[in-house]
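Chain by chain, the residues run as shown.
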Amino acid sequence: MEIVVNMQGITKEFPGVIANDKVDFDLRQGEIHALLGENGAGKSTLMSVLFGLFHPDEGSISIRGEEVRINSPRDATKLGIGMVHQHFKLVHNFTVAQNIILGEEDTKNGLLTMEKSIDKIRKLSELYKLKVDPYAKIEDISVGQQQRVEILKMLYREADILILDEPTAVLTPQEIDELIKILKSLAQEGKSIILITHKLKEIKMAADRCTVLRLGKKIGTVNVKKTTNEELAEMMVGREISFTIDKKKAEAGEVVLKVERLCVHSDRSKRDVVKEMGFEVRKGEILCIAGIEGNGQTELVEALTGLRPISGGSVVLNGKDITHASIRERSLAGMAHVPEDRQRHGLVLDYPLEYNLILQQYFAPPFQKKGFLQFAPIRSYAEKLIDAFDIRTGKGAIALARNMSGGNQQKAIIAREMSRHTDLLIAVQPTRGLDVGAIEYIHDLLVSQRDEGKAVLLISLDLYEVMSLSDRIVVIYEGENVGEFDPASVTERELGLYMSGSKRREAS
């Protein structure tokens, strides 16, 4: 097969870190080539070099046998290269069509014309089974549909080299399956696809070859069909990875969180999206709320943590009614929260890491004295957490949160929340977007929190995570508790029937 991309000896250095160290990479016509590595291994940097967002300090790039210099994304687009970034680059109050044609608009007598563009979008949608409504606003469509819009943006510009950076990080299992079908059909059409990921299951499902990076260096390129998950994981992290969670039987104690007949109203749909939901979380256990995305999990967590008002029912933490308490009052009462959206609700992106690590404690000693921040204790505390939780940044405690990789942003949030020694930890998709080494580490941390006597409320879309970590499972469907289960005695298939609404039973 023809080699359409050949990168030789690519080196890219940032202050304090070599992101790519003499990396070689090639892509063949009509293949899906996975780029695998831990968070911060240099995957996105390498592809940002290919897409013209960064200029390499050393090395060369050839496209279809001809050496090129890619100075900008516009140069990359002219060469037929398109990229879908991990955090989508969409204008939320524009329509689907307006986002797809942005920068490539048709005009007549100085006025924007949309008819030909919309006709082309519809034809591409049908050809590649990327069904979206061209007139829908981005803010009104699901994350999976936004992913399709990003792919259509590349196809509209007639890209035949497609780079997808962590494309499944925010998708449901059903949307992931659909995306993989789409990628395979694109490859069969002759498109060449680079899939940046750290999810071994998806690599096995989708990719032909896989190149592994570790700490900025290329470890090797392998044939996916001839390589096991264990071998890929060891190449990625440099050690053997356990795919089973080692935990003893839970010793549940007294009730920490009691939720009764909770109702949460949606301003957008003008109805309750959480309906008379009830459950308890006890000391020394992990209770998981399982469900297909969009069944009220987000609104439930926002109500529990104070981000959204409660329209009915009650929430009691350690015997204290916090139904209408502020976020700070809940935090001080013993609640920690790892949010679903780390960038919107987890971090202040333009603050340095050290400030993000004290967001719930900056007002208390030793971090403030007589109303003034105490910089030495803040720095010392941050460095302790950076070391304990293996948060990797080029600039240590002073690195801006915005400039950290997604996985290290997540580690920072988890470090901040777990180090506060609270009674209740609410963890929403805590391993979303993390590599297998980091997932293993976070799972161990959650179990250790449980074993220390903390109550852990886990909200996850990952059925493997649900079944492996939980001591009890509550299934949520259309905002209601439709059943409570023991993970030792329920199958994934049965759980799936309750999650889809095909079955329900009274919560015990």
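Structure's up top.
Within any chain, residue numbers begin from 1 and follow the written order of that chain's sequence. Owing to the predicted nature of the model, reporting of local features is limited to residues with pLDDT of at least 70; listing and counting of side-chain atom pairs is limited to 80 or more, with chain, interface and lining totals taken over all residues. For the side-chain quantities, the full set of heavy atoms in the structure was used; hydrogens and water were omitted.

*Asks:* Would you mind going over the overall build of the protein chain with me for this structure?
*Replies:* Of the regular secondary structure elements, the protein chain holds 17 helices and 24 strands. Against the 2.2 N^0.38 benchmark of 23 Å for 508 residues, the protein chain shows a C-alpha radius of gyration of 24 Å, consistent with a compact globule. Taken along its principal axes, the extent of the C-alpha atoms in the protein chain is 70 × 50 × 50 Å. Think of it in three bands: residues with accessible area under 20% of the maximum for their type are buried, residues over 50% are exposed, and the middle band is partly exposed, with areas taken using a 1.4 Å probe on protein chains only. Expressed as a percentage of its 508 residues, the buried residues of the protein chain come to 52%. For the protein chain, the accessible area works out to roughly 23300 Å², and carbon and sulfur atoms hold 49% of it. In this tally Asp and Glu are treated as negative and Lys and Arg as positive; neither His nor the chain ends contributes. Note that the charge is assigned to NZ on lysines, CZ on arginines, CG on aspartates and CD on glutamates. Where the 68 positive side-chain charges of the protein chain centre and where its 74 negative ones centre are 2 Å apart. Strands are runs of DSSP state E lasting at least 2 residues, helices are runs of H or I lasting at least 4, and numbering of each runs from the N terminus. Put simply, the radius of gyration uses C-alpha atoms, and a globule should come to 2.2 Å times the residue count raised to 0.38. Areas reported as accessible are Shrake-Rupley estimates using a 1.4 Å probe. Residue values count occlusion only from the protein chains shown.

*Asks:* Could you clarify how one ought to interpret the environment of Asp208 in this entry?
*Replies:* The residue Asp208 is located in the loop between α7 (200-206) and β11 (209-214) in this model. With 16 residues separating them in the primary sequence, Asp208 and Val224 have C-alpha atoms 5.7 Å apart. Here, residues are in contact when the closest pair of their heavy atoms is within 4.5 Å. If we skip the residues at most four places from it in the chain, Asp208 touches Glu31, Ile32, Val222, Asn223, Val224 and Lys225.

*Asks:* Would you mind going over a nonpolar patch on the surface with me for this structure?
*Replies:* On the surface, Tyr362, Leu373 and Phe375 cluster together to form a nonpolar patch covering roughly 300 Å² of accessible area. Inspection of the secondary structure puts Phe375 in helix α13 (residues 375-388). Patches here: salt-bridge-free residues with over 30% relative accessible area, like charges joined within 9 Å, nonpolar side chains (Val, Leu, Ile, Met, Phe, Trp, Tyr) joined within 5 Å. Each reported salt bridge corresponds to a side-chain nitrogen of Lys or Arg within 4 Å of a carboxyl oxygen of Asp or Glu.

*Asks:* Honestly, the environment of His92 in this entry has me stumped. Any pointers?
*Replies:* Within the secondary structure, His92 is located in the loop between β6 (81-84) and α3 (96-101). Classification of His92 by relative accessible area gives partly exposed; the value is 43%. C-alpha of His92 to C-alpha of Gly396: the two residues are 304 residues apart in sequence and 33 Å apart in space. When sequence neighbours within four positions are dropped, the list of residues in contact with His92 reads Lys137, Ile138, Glu139 and Gln146.

*Asks:* Just to check I follow, could you spell out the nonpolar core for this structure?
*Replies:* Soluble globular proteins tend to bury their nonpolar side chains together. Throughout this description, the term nonpolar core refers to a set of buried Ala, Val, Leu, Ile, Met, Phe, Trp, Tyr and Cys residues connected via side-chain atoms within 4.5 Å. Core analysis: the biggest nonpolar cluster contains 51 residues, and Ile151, Leu186 and Cys210 have the highest contact counts within it. With seven residues, the single largest contributor to this core is helix α6 (residues 173-188). With sequence-adjacent residues up to four places away left out, Leu186 is seen in contact with Tyr128, Ile151, Leu155, Leu162, Lys191 and Ile193. Ala290, Phe389, Tyr477 and Met499 belong to the second largest nonpolar core, which has 49 residues in total.

*Asks:* What's the story with the pairing of strand β12 (residues 217-223) in this structure? I'm lost.
*Replies:* Across a regular strand the side chains alternate sides, sitting on one face of the sheet and then on the other. Pairing between strands requires that DSSP locate at least two bridges from one strand to the other. Pairing analysis gives six bridges linking β11 to β12, with the strands arranged antiparallel. Along β12, the bridge assignment pairs Thr211 with Thr221. Connecting β11 to the next strand, β12, in antiparallel fashion are two residues, including Leu215 with a positive phi near 50°.

*Asks:* Just checking my understanding: could you explain the pattern of salt bridges for this structure?
*Replies:* If you walk through the whole model with that rule in mind, you get 26 salt bridges. Residue Asp57 is joined to Lys12 by a salt bridge in which the shortest nitrogen-to-oxygen separation is 3.9 Å. Pair noted here: Asp57 is in the loop between α1 (43-50) and β4 (58-63) and Lys12 is in strand β1 (residues 3-14), with a separation of 45 residues, a long-range link. Judged by relative accessible area, Asp57 falls into the partly exposed class, the value being 44%.

*Asks:* In this structure, what is going on with helix α5 (residues 143-156)? I would like to understand it.
*Replies:* What sets the pattern is the α-helix's 3.6 residues per turn: residues three or four places apart point alike. Spanning 14 residues, α5 covers 20 Å between terminal C-alpha atoms, matching the ideal 20 Å at 1.5 Å per step. Counting buried residues along α5, 12 of its 14 residues qualify, which places the element largely inside the surrounding structure. Of the positions making up α5, those classed as buried are Gly144, Gln146, Gln147, Arg148, Val149, Glu150, Ile151, Leu152, Lys153, Met154, Leu155 and Tyr156. Glu158 occupies a position one or two residues after α5 and carries a positive phi of about 60°. Under the convention used throughout, the expected extent of a helix is 1.5 Å for every residue step, that is, one less than its residue count.

*Asks:* Sorry, what's going on with a negative patch on the surface here?
*Replies:* On the surface, Glu230, Glu231, Glu234 and Glu240 cluster together into a patch of negative charge. By relative accessible area, Glu240 is classed as exposed at 67%.

*Asks:* Teacher, can you tell me more about the pairing of β4 here?
*Replies:* In this structure, β1 lies alongside β4, joined through five bridges in antiparallel fashion. Counterpart to Gln8 in the pairing with β4 is Ser60. Pairing between β4 and strand β5 (residues 66-68): three bridges, direction antiparallel. Bridging from a neighbouring strand, Ile61 pairs with Val68 of β5. Between β4 and β5, which follow one another and run antiparallel, lie two residues, and Arg64 among them has a positive phi close to 50°.

*Asks:* What exactly am I supposed to notice about the layout of surface pockets here?
*Replies:* Gaps left between atoms are located by rolling a probe of water-molecule size over the structure's atoms. Within this model, the second largest pocket holds a volume of roughly 1400 Å³. Lining the second largest pocket are 43 residues; nearest its centre among them are Thr45, Arg402, Asn403, Met404 and Ser405. Looking at the lining of the second largest pocket, the elements that each hand over two or more residues are β2 (17-28), α1, α11 (342-346) and α14 (406-418). Each residue receives one of three labels: charged for Asp, Glu, Lys and Arg, nonpolar for Ala, Val, Leu, Ile, Met, Phe, Trp, Tyr, Cys and Pro, and polar for the others, Gly being one of them. Within the lining of the second largest pocket, the residues separate by chemical class into 13 nonpolar, 21 polar and nine charged. In this analysis, the protein atoms alone were mapped onto a 1 Å grid. Cavities are point sets where a 1.4 Å probe fits without being able to get out; pockets are open sets with protein on both sides within 12 Å along at least five of seven lines; lining residues have an atom within 4 Å of a point. Grid points are joined across faces, edges and corners, and a volume is the space filled by probe spheres set on the points.

*Asks:* Would you take a moment to explain the packing of α14 against helix α15 (residues 436-451) for this structure?
*Replies:* Where α14 meets α15, the axes come as close as 12 Å, and the angle between the chain directions of the two elements is 10°. Judged on the interaxial angle alone, α15 and α14 are roughly parallel. Seen from above, α14 lies across α15 with left-handed handedness. Residues Lys411, Ile414 and Met418 of α14 pack against Ala438, Ile442, Leu445, Leu446 and Gln449 of α15. Here an axis means a line fitted to C-alpha atoms, over the contact stretch when the element is a helix, while the angle between two N-to-C directions is reported on a 0 to 180 degree scale. Comment on the angle field: the value is read as roughly parallel under 35 degrees, roughly antiparallel over 145, roughly perpendicular from 65 to 115, and oblique elsewhere. When the near helix sits turned anticlockwise from the far one by under a right angle, the crossing is termed left-handed; a clockwise turn instead gives a right-handed crossing.

*Asks:* Please clarify how the packing of aromatic side chains should be interpreted in this entry.
*Replies:* Aromatic ring pairs are reported here in terms of the distance separating the ring centres and the angle at which the planes meet. Pairing of aromatic side chains here covers Phe, Tyr and the six-membered ring of Trp, requires ring centres within 6.5 Å, and sorts the geometry by plane angle: under 30 degrees stacked, over 60 edge-to-face, intermediate tilted. Going through the model one piece at a time under the given rule, you end up with five aromatic pairs. Measuring from ring centre to ring centre gives 5.2 Å for Tyr362 and Phe363, while their planes differ by 85°; the resulting arrangement is edge-to-face. Here, a charge over a ring is recorded when the distance from Lys NZ or Arg CZ to the ring centre is within 6 Å and its angle to the ring normal is within 35 degrees. Here Lys120 stacks its cationic end above the ring of Tyr156, 4.4 Å away from the centre of that ring. The positively charged end of Arg328 is found above the aromatic ring belonging to Phe363, 3.8 Å away from the centroid.

*Asks:* For this particular structure, what's the right way to read empty space enclosed by the protein?
*Replies:* Taken as a whole, this structure holds one cavity of 30 Å³ or more when the rule is applied. Taken together, Pro167, Thr168, Leu179, Ile180, Leu183, Leu195 and Glu202 make up the lining of the largest cavity. Per-element tally for the lining of the largest cavity: the top contributor is α6, with three residues. Across the lining of the largest cavity, the residue classes break down as five nonpolar, one polar and one charged.

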